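Here is what each chain is made of, one letter per residue.
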Amino acid sequence: MAESETPWKKLTIEQIATALGVSKTTVSRALSGKGRIGEETRARVFAYVKDAGCDPSTLTRCSVRCTSHNLSLVIPSHFVQLDLPFFRKCMGGICRMAAQRGYDILLCFADPSDTTQLQRQLEAKKVDGVILARTLISDPCLALVRTYGIPYAAMGRIEDEPEALQVDNDHVGAAWELTRLLVQKGLRRIAYLGGSDNYTVNIDRLRGYYRALEESGITPEPELICTGIEDNEQRLDALEAALERSPECILCSDDAIAVIVLKELQRRGLRVPEDIRLASLYDSEILLNSNPTITAVQFDAAALGAAVGRLLLDHMAGRATANRQMQGYQVILRESTK
């Protein structure tokens, strides 16, 4: 029989990966010649394929067609207009982890009313996996990746799918601890100003606040709690309503709210911390530059990004992973709550 008529055996990339004890991604890179991979590993893959009596060229064509070595990072569209150090650091962690594994990151902007860019990436098979930078109660991006059956992971908590790949900061624990520390300082009338109720992060922070008050024997006052705040006008309106109830402290769900609150308190002639205390459930550089400096919760955004990238890539490589991972935090007490 002529060489061109050799009855080649059928062999899948997954079979090769299992036999050699490497990931499917590694096999794909070896066969396609794309991505970072050592020559020794590449030689092992081709030697195995040859010994198995399989046509390497067929596997190579399949590998090139099926693997892009790209990940999509989905970011809410309105974040483009904001200066968010948290997401810059998260992106840095994700990009470094992806580069170590031979992957590149494609940015994708989306919001609940427009997911066309993500759908275009998925339809064109431009990406092998998706990272969701924010988790919403009702997220069309999540429904889209599920429809296409592509691997995905989220930074945050996915409300209706605990088995999904997700890496989150312990927002409930952080809010509970900071609120508890404020109570231990003798404060009982602690107002809470929170962001959009559609983000799970804000839901979890409010949950921690409630837990700390209830465990301290304090009945939460609805008049001291305002959530769903999304812009500066709403922040000022919420502060006005809270001040009418004479709170001893204002706890803000994030740094943006805390900065606006501090400026407005000072404009009204209210001294922090002498007349009223102030704290934030997220720390950033802008809080360090405030006067007085603001008590806040620190999270390692770069570590969060690296962790979600690692989780997704390990899953794609067939490695056993814990589907839900939780990152720690640190409460930093500063001048605003003395």
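Residues numbered from 1 in each chain as written. Predicted model: local features only at pLDDT ≥ 70, side-chain atom pairs only at ≥ 80, totals over all residues. Heavy atoms only, no water.

## Topic: the nonpolar core
Then, number 1: Met155, Leu178, Ile190, Tyr209 and Leu251 are the most contacted members of the largest nonpolar core, which has 51 residues in total.
Then, number 2: If we skip the residues at most four places from it in the chain, Leu251 touches Leu178, Thr179, Ile190, Ala191, Tyr192, Leu193, Tyr209, Ala279, Ser280 and Leu281.
Then, number 3: Of all hydrophobic cores here, the second largest spans 22 residues; its members include Cys252, Val261, Leu262 and Leu287. (Core = buried A, V, L, I, M, F, W, Y, C linked by side-chain atoms within 4.5 Å. Buried < 20%, exposed > 50% of the residue type's maximum accessible area, 1.4 Å probe, protein only. Contact = heavy atoms within 4.5 Å.)

## Focus on helix H13 (residues 301–316)
Then, number 1: Counted at 1.5 Å a residue, the expected span for H13 with its 16 residues is 22 Å, and the 23 Å between its end C-alpha atoms agrees.
Then, number 2: The buried fraction of H13 is high, at 12 of 16 residues.
Then, number 3: The set of residues buried in H13 consists of Ala301, Leu304, Gly305, Ala306, Ala307, Val308, Gly309, Leu311, Leu312, Leu313, Asp314 and Met316.
Then, number 4: With a side-chain oxygen positioned 3.3 Å from the backbone nitrogen of Ala302, the residue opening H13 is Asp300. (Helix = DSSP H or I, 4+ residues; strand = E, 2+ residues; numbered from the N terminus. Expected span 1.5 Å × (residues − 1). Polar contact = N/O pair within 3.5 Å; in protein donor to acceptor, adjacent residues only side chain to side chain.)

## Focus on the pattern of salt bridges
Then, number 1: Considering all chains together, one arrives at 12 salt bridges under this definition.
Then, number 2: Of the charged contacts in the structure, one is a salt bridge between Arg271 and Asp275, with a shortest N-O distance of 3.1 Å.
Then, number 3: Classification of Asp275 by relative accessible area gives partly exposed; the value is 37%.
Then, number 4: Connected through salt bridges with shared partners, the residues Glu240, Glu264, Arg267 and Arg268 form a single ionic network. (Salt bridge = Lys/Arg side-chain N within 4 Å of Asp/Glu carboxyl O.)

## Regarding the sheet that holds strand S3 (residues 129–132)
Then, number 1: Sheet architecture is open: six strands sit in the order S2-S1-S3-S4-S5-S11, paired in parallel fashion. The two strands at the open ends of the sheet, each matched to only one other strand, are strand S2 (104–110) and strand S11 (324–327). Each adjacent strand pair in this sheet contributes to an overall mean axis angle of 20°, direction not counted.
Then, number 2: Pairing analysis gives three bridges linking S3 to strand S4 (residues 152–155), with the strands arranged parallel. Bridged to Leu132 within S4 is Ala154.
Then, number 3: Across the sheet, helix H5 (residues 85–100) is in contact with strand S1 (70–76), S2, S3, S4 and strand S5 (165–169); its angle to S2 comes to roughly 145°.
Then, number 4: Against the sheet, helix H6 (residues 116–123) makes contact with S1, S2 and S3, and its axis sits at roughly 140° relative to S2, the strand it touches most. (Pairing = 2+ DSSP bridges. Axes fitted to C-alpha atoms, helices over the stretch in contact; angles between N-to-C directions.)

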